[in-house]
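Chain and residue survey
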Amino acid sequence: MAIQSISNVKISGISACVPKYIESNTNSHLFEKPEDAQRFIDNTGVVERRIATDAICSSDLCYHAAEKLISEIGWDKSEIDCLIFITQTPDYIVPATSCGLQHRLGLSEECHSFDVTLGCSAWVYGLSIIGSLLSAGFLKKGLLLVGETTSKTKSKTDKSTYPLFGDAGTATLLEYSPDSPSIKMHSGTDGSKQKSIYIPDGGFRNQTTLESLEMIEVEPGVTRNRLQYIMDGAQVFTFTITKVPKSINKLIDSFEIDKDKVDYLLLHQANKMIVDKIAGKLKFPAEKVPGTLSKFGNTSCSSIPLTIVSELNEQVRNQHLNLIASGFGSGLSLASAYFELDKIVCPELIEIE
């Protein structure tokens, strides 16, 4: 059973960065009629998204989030012992993007840096990974960068995916702190459904060929090639509404968490239907389930920290909060965590162009 309790670590700051360019679904070219666009918005909750230009990568969004956060928290960059970068849209296949970010941010050459490839469960998994590294006390301060320019993986002629996703990058600072409450976690994986969300070509299983670039009309309104994102919405929906509530309940039961004392449930912003269904199954009231779908869409691995920065900025800076977060998506992968934030550093949302 993938249950963890990570001691001696606290989250000290969270920041987020998005592109300035806004793309609206209200007048999207993908919908023939205004009522089609409105139906999509009603079902998904996505009114508009932030879209990165060709010049902006996930690493750029995370870099700006990190620079602002490190500056506001006042840490000496030489004290940051580890950097983890989690994305499915890295700068290159080789080398790891974390290496470039270590140099770009001016961190020590003794900084323990590496990449992780995960999608929508990434931020919660990232807490597990970096928390485990810090908990022994040899490494004292860590930087978790989680971001995605997922719009670059979508076909602009695929109405099933392109209008749903937006781009964002986030930074989270954690540090060794023996007196802090533990971060409690449950995680899981169902690799039998790995092709529910995938890009067929471009890796080393199916390398890029001329056929990979051929645009194929799958159905009316859905045209894409084999280097672009495919999602089986029905399988993903079934996985999330069955597995995610069980994961959160297992977390609550395993650690005897008082659900009434949880201030907010932070769910990956997949779409409105999924978020509402999970919250309903768990009997969390709507006011305790903040969301960013209408403004940013599904930002994949960025969505939970982006929601904290966008919707809970005032609270996390000035209050002590008990939170449950759950990320779920490609893999298929999920991870849920209970953690506390106590007056952390949380800059206002950053925008770049």
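Residues numbered from 1 in each chain as written. Predicted model: local features only at pLDDT ≥ 70, side-chain atom pairs only at ≥ 80, totals over all residues. Heavy atoms only, no water.

1. Topic: unusual backbone geometry
- Between V94 and the following residue, P95, the backbone shows a cis peptide bond with an omega angle of 5°.
- Its location among the elements puts P95 in the loop between strand 5 (82-86) and helix 3 (97-105).
- Cis rather than trans, the peptide bond between G331 and L332 has omega equal to -10°. (Helix = DSSP H or I, 4+ residues; strand = E, 2+ residues; numbered from the N terminus.)

2. Some words on the pattern of salt bridges
- In the structure shown here, the tally under the stated rule is 14 salt bridges.
- The salt bridge partner of K193 is D190, with a shortest N-O separation of 2.9 Å.
- Exposure remark for K193: the relative accessible area of 27% places this residue in the partly exposed category.
- Residue class for D190 comes out buried when judged on its relative accessible area of 17%.
- Here R317 ties to E314 by a salt bridge, and the two come within 3.2 Å at their closest N and O atoms. Taken together, the residues span about one helical turn, with R317 and E314 both in helix 9 (residues 313-318) at a distance of three residues.
- Each of E314, R317 and E348 takes part in a single network of salt bridges with overlapping partners. (Salt bridge = Lys/Arg side-chain N within 4 Å of Asp/Glu carboxyl O. Buried < 20%, exposed > 50% of the residue type's maximum accessible area, 1.4 Å probe, protein only.)

3. Let's talk about a nonpolar patch on the surface
- Together, I93, V94 and F204 make up a nonpolar patch on the protein surface, roughly 410 Å² of accessible area in all.
- Assignment of secondary structure puts V94 in the loop between strand 5 and helix 3.
- For V94, a relative accessible area of 68% gives the class exposed. (Patch = residues over 30% accessible without salt bridge, like charges linked within 9 Å, V, L, I, M, F, W, Y side chains within 5 Å. Areas by Shrake-Rupley, 256 points an atom, 1.4 Å probe, with all protein chains shown as cover.)

4. Overview of the sheet that holds strand 16 (residues 333-342)
- Spatially, 1-9-16-15-14 is the arrangement adopted by the five strands of the open sheet, whose pairing is mixed. Looking along the sheet, the strands with just one partner apiece sit at the ends: strand 1 (3-6) and strand 14 (264-267). For this sheet, the mean angle separating the axes of adjacent strands, direction not counted, is 20°.
- Pairing analysis gives six bridges linking strand 9 (residues 183-189) to strand 16, with the strands arranged antiparallel. Across the sheet, the residue bridging to M185 is A337, located in strand 16.
- In the packing of helix 4 (residues 122-135) onto the sheet, the strands contacted are strand 1, strand 9, strand 15 (320-329) and strand 16, and the crossing angle to strand 16 comes to about 60°. (Pairing = 2+ DSSP bridges. Axes fitted to C-alpha atoms, helices over the stretch in contact; angles between N-to-C directions. Contact = heavy atoms within 4.5 Å.)

5. What to know about the environment of Q194
- Checked against the element boundaries, Q194 lands in the loop between strand 9 and strand 10 (197-198).
- As for Q194 and S333, which are separated by 139 residues in sequence, their C-alpha atoms are 8.9 Å apart.
- Other than its neighbours up to four places away in sequence, Q194 contacts G331 and L332.

6. Section: the state of the cysteines
- Per the stated rule, a full pass over the model turns up zero disulfides.
- Looking at C57, it has no disulfide partner, and the nearest cysteine sulfur is the one in C62, 11 Å off.
- On the basis of relative accessible area, C57 is assigned to the partly exposed category, the value being 26%.
- For C301, which is in no disulfide, the shortest distance to another cysteine sulfur is to C62 and amounts to 7.3 Å.
- C301 sits in the buried class, given a relative accessible area of 2%. (Disulfide = S-S within 2.5 Å.)

7. Concerning the pairing of strand 9
- Among the seven residues that make up strand 9, five are buried, leaving the element largely enclosed by the rest of the structure.
- Two strands pair when backbone bridges link them, and strand 1 and strand 9 are joined in this way by four bridges, in the antiparallel orientation. Directly across from S5, in strand 9, lies its bridge partner K184.

8. Notes on the packing of helix 5 (residues 233-254) against helix 6 (residues 272-282)
- Packing of helix 5 against helix 6 leaves a shortest axis separation of 10 Å and a crossing angle of 35°. Read as a crossing pair, helix 5 and helix 6 show a hand that is right-handed. The residues of helix 6 that touch helix 5, namely those facing F237, T240, I241, T242, V244, P245, I248 and N249, are M273, I274, K277, I278, K281 and L282.
- A breakdown of the residues in the contact of helix 5 with helix 6 according to their chemical character gives nine nonpolar, three polar and two charged. (Left-handed = near helix turned anticlockwise from the far one by under 90°. Nonpolar A, V, L, I, M, F, W, Y, C, P; charged D, E, K, R; others polar.)

9. Some remarks on the layout of surface pockets
- Considering only enclosed or pocket space, the largest pocket measures out at about 1300 Å³ in volume.
- Contributions of two or more residues to the lining of the largest pocket are made by strand 6 (112-116) and strand 10.
- Here the lining of the largest pocket is composed, by residue class, of 17 nonpolar, 16 polar and eight charged.
- Size it by volume and the second largest pocket reaches roughly 600 Å³.
- What lines the second largest pocket is a set of 30 residues, and nearest its centre among them are S160, L164, M231, G233 and N271.
- Every element with two or more residues in the lining of the second largest pocket is listed here: helix 1 (34-44), strand 11 (216-219), strand 12 (222-224), helix 5, helix 6 and strand 15.
- Ranked by residues supplied to the lining of the second largest pocket, first place goes to helix 1 with five residues.
- When grouped by side-chain class, the residues that make up the lining of the second largest pocket number 15 nonpolar, 10 polar and five charged. (1 Å grid on protein atoms, 1.4 Å probe; cavity = no way out; pocket = protein on both sides within 12 Å on 5 of 7 lines; lining within 4 Å. Points joined across faces, edges and corners; volume = space filled by probe spheres on them.)

10. Re helix 3
- Among the residues making up helix 3, those that are buried are T97, S98, L101, Q102 and L105. The buried residues of helix 3 occupy an angular sector of 145° when the element is viewed end-on, so they sit on one face.
- Taken together, the buried residues of helix 3 touch helix 2 (58-73), strand 5, strand 6 and strand 7 (141-148).
- Phi turns positive one or two residues past the end of helix 3, at G106, with a value near 75°. (Arc of directions from axis to C-beta.)

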